[in-house]
Amino acid sequence: MKNIIAFAGSNSRESINKKLATYTVSLVENVNINNLDLNDFELPLFGVDLEKEQGIPENAHNFLNLIKTSDGIILSLAEHNGAYSTVFKNIFDWMSRIDGKLWSNKPMLLMATSPGARGGASVLGIAKNRFPFNGGNIVSEFSLPNFNDNFKDGKLVNDALNSELLEAVKTFQNNL
């Protein structure tokens, strides 16, 4: 059985991207799922001086190991001011110091959601351009606009968007 990891690029306890990632993994069949929370991988703010003085923190190694030992990744990125959240960028930066190809060519379903109509389009664009340089193998993507209107009681309530997500999940699963 394949092992996948799923996480949100957010450290908010009420993260809408965490809710989307959790719902999405429930749609993937016949896999072992490890739902990760960035709060469990606390890291100091990356800096080259800190790295020289203290080395790379264990939590960066631990998170990277989870990526490397998985068969696939479901990631829903939070968008802060049109870019990655600070917590995601920080763990991304630390891991890239260990292995520049940190995504290890694992099949990835890349997603984002937001309360607005663009559904995290800016952060998705950044990730789609950046991740391939870091071993990213984005096989499927999904953007959920207007989260508060389209997601209720732990699931997508917009049938058209749910169908789109199901297709993205199917593509992801076929690439595992």
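For the structure, see preceding data.
As the structure is a computational prediction, the values presented were derived from the model and not from experiment.

Novice: Before we move on, can you summarise the overall build of the chain with the specific residues and values?
Specialist: Scanning the chain from N- to C-terminus turns up seven helices and nine strands. Relative to the globule expectation of 16 Å for 176 residues, the C-alpha radius of gyration of the chain, 16 Å, shows essentially globular dimensions. With the C-alpha coordinates of the chain rotated into their principal frame, the extents come out at 50 × 35 × 25 Å. Each of the 176 residues in the chain was classed as buried or not, and the buried ones make up 45%. Pairs at least 24 residues apart make up 80% of the contacts formed inside the chain by residues separated by at least 6 positions.

Novice: Give a detailed account of the nonpolar core, specifying residues and quantitative values.
Specialist: Judged by nonpolar contacts, the single largest core of 29 residues is most densely connected at Phe7, Phe63, Leu75, Leu77, Phe88, Trp103 and Phe131. The element contributing the most residues to this core is helix H4 (residues 86-98), with five residues. Discounting residues that sit within four places of it in the chain, phenylalanine 63 has contacts with Phe7, Leu36, Leu38, Phe41, Ile91 and Met95. With 20 residues, the next largest nonpolar core counts Val28, Ile74, Phe142 and Ala168 among its residues.

Novice: Explain helix H5 (residues 121-130) residue by residue, including any values.
Specialist: Because an α-helix completes one turn every 3.6 residues, residues spaced three or four positions apart along the sequence face the same direction. Buried within H5 are the following residues: Val123, Leu124 and Ala127. One face of H5 carries all of its buried residues, which in axial projection span an arc of 100°. Buried residues along H5 sit against strand E3 (72-77), strand E4 (79-80), strand E5 (83-84), strand E6 (107-113) and strand E7 (137-144).

Novice: Give a detailed account of the sheet that holds E3, specifying residues and quantitative values.
Specialist: Spatially, E2-E1-E3-E6-E7 is the arrangement adopted by the five strands of the open sheet, whose pairing is parallel. Pairing within the sheet leaves two strands with one partner each, and these edge strands are strand E2 (31-35) and E7. Pairs of neighbouring strands in the sheet enclose a mean axial angle of 20°, with direction left out of account. Note: strand E1 (residues 2-9) against E3, six bridges, orientation parallel. Bridging across to E3, isoleucine 5 finds its partner in isoleucine 73. Sheet contacts for helix H7 (residues 159-174): E1, E2, E3, E6 and E7; angle to E7, the most-contacted strand, approximately 170°.

Novice: Outline the side chain of asparagine 17, supporting the account with residue identities and numerical values.
Specialist: Relative to the elements of secondary structure, asparagine 17 occurs in helix H1 (residues 16-25). Polar side-chain contacts of asparagine 17 include one of 2.6 Å to the side chain of serine 76. The contacts of asparagine 17, once residues within four sequence positions are left out, are Ala8, Ser76, Leu77, Ala78, Ala112 and Thr113.

Novice: Help me get a handle on the packing of aromatic side chains, residues and values and all.
Specialist: Geometry of an aromatic ring pair is reported as the spacing of the ring centres plus the angle between the planes. As enumerated under the stated definition, the model contains 14 aromatic pairs in all. Ring centres of phenylalanine 88 and tryptophan 103 lie 6.5 Å apart, and the angle between their planes is 10°; this geometry places the pair in the stacked category. Of this pair, phenylalanine 88 sits in helix H4 while tryptophan 103 sits in the loop between H4 and E6, and the two are 15 residues apart along the sequence. Following the ring pairs from residue to residue traces out a cluster consisting of Tyr84, Phe88, Phe92, Trp103 and Phe131.

Novice: I'd love a proper account of the packing of helix H3 (residues 58-68) against H4, names of residues and values included.
Specialist: Taken N-terminus to C-terminus, the directions of H3 and H4 make an angle of 80°; their axes are 9 Å apart at the nearest point. It follows that H3 is roughly perpendicular to H4 by the angle criterion. Packed against H3, whose contacting residues are Ala60, His61, Phe63, Leu64 and Ile67, the element H4 presents Ile91, Trp94, Met95 and Ile98 at the interface. Taken together, the residues that form the contact of H3 with H4 break down as eight nonpolar, one polar and no charged.

Novice: Could you give an account of the environment of asparagine 35, with specific residues and numbers?
Specialist: You can see asparagine 35 is positioned in strand E2. For asparagine 35 and asparagine 158, which are 123 residues apart along the polypeptide, the C-alpha to C-alpha distance reads 24 Å. If we ignore the near neighbours within four places in the chain, the residues touching asparagine 35 are Ala6 and Val25.

What counts, and at which threshold
Residues numbered from 1 in each chain as written. Predicted model: local features only at pLDDT ≥ 70, side-chain atom pairs only at ≥ 80, totals over all residues. Heavy atoms only, no water. Helix = DSSP H or I, 4+ residues; strand = E, 2+ residues; numbered from the N terminus. Rg over C-alpha atoms; globule rule 2.2 N^0.38 Å. Buried < 20%, exposed > 50% of the residue type's maximum accessible area, 1.4 Å probe, protein only. Contact = heavy atoms within 4.5 Å. Core = buried A, V, L, I, M, F, W, Y, C linked by side-chain atoms within 4.5 Å. Arc of directions from axis to C-beta. Pairing = 2+ DSSP bridges. Axes fitted to C-alpha atoms, helices over the stretch in contact; angles between N-to-C directions. Polar contact = N/O pair within 3.5 Å; in protein donor to acceptor, adjacent residues only side chain to side chain. Phe/Tyr/Trp six-rings, centres within 6.5 Å; stacked < 30°, edge-to-face > 60°. Parallel < 35°, antiparallel > 145°, perpendicular 65-115°, else oblique. Nonpolar A, V, L, I, M, F, W, Y, C, P; charged D, E, K, R; others polar.

From the geometry alone we can't say anything about function, so treat these as descriptive.
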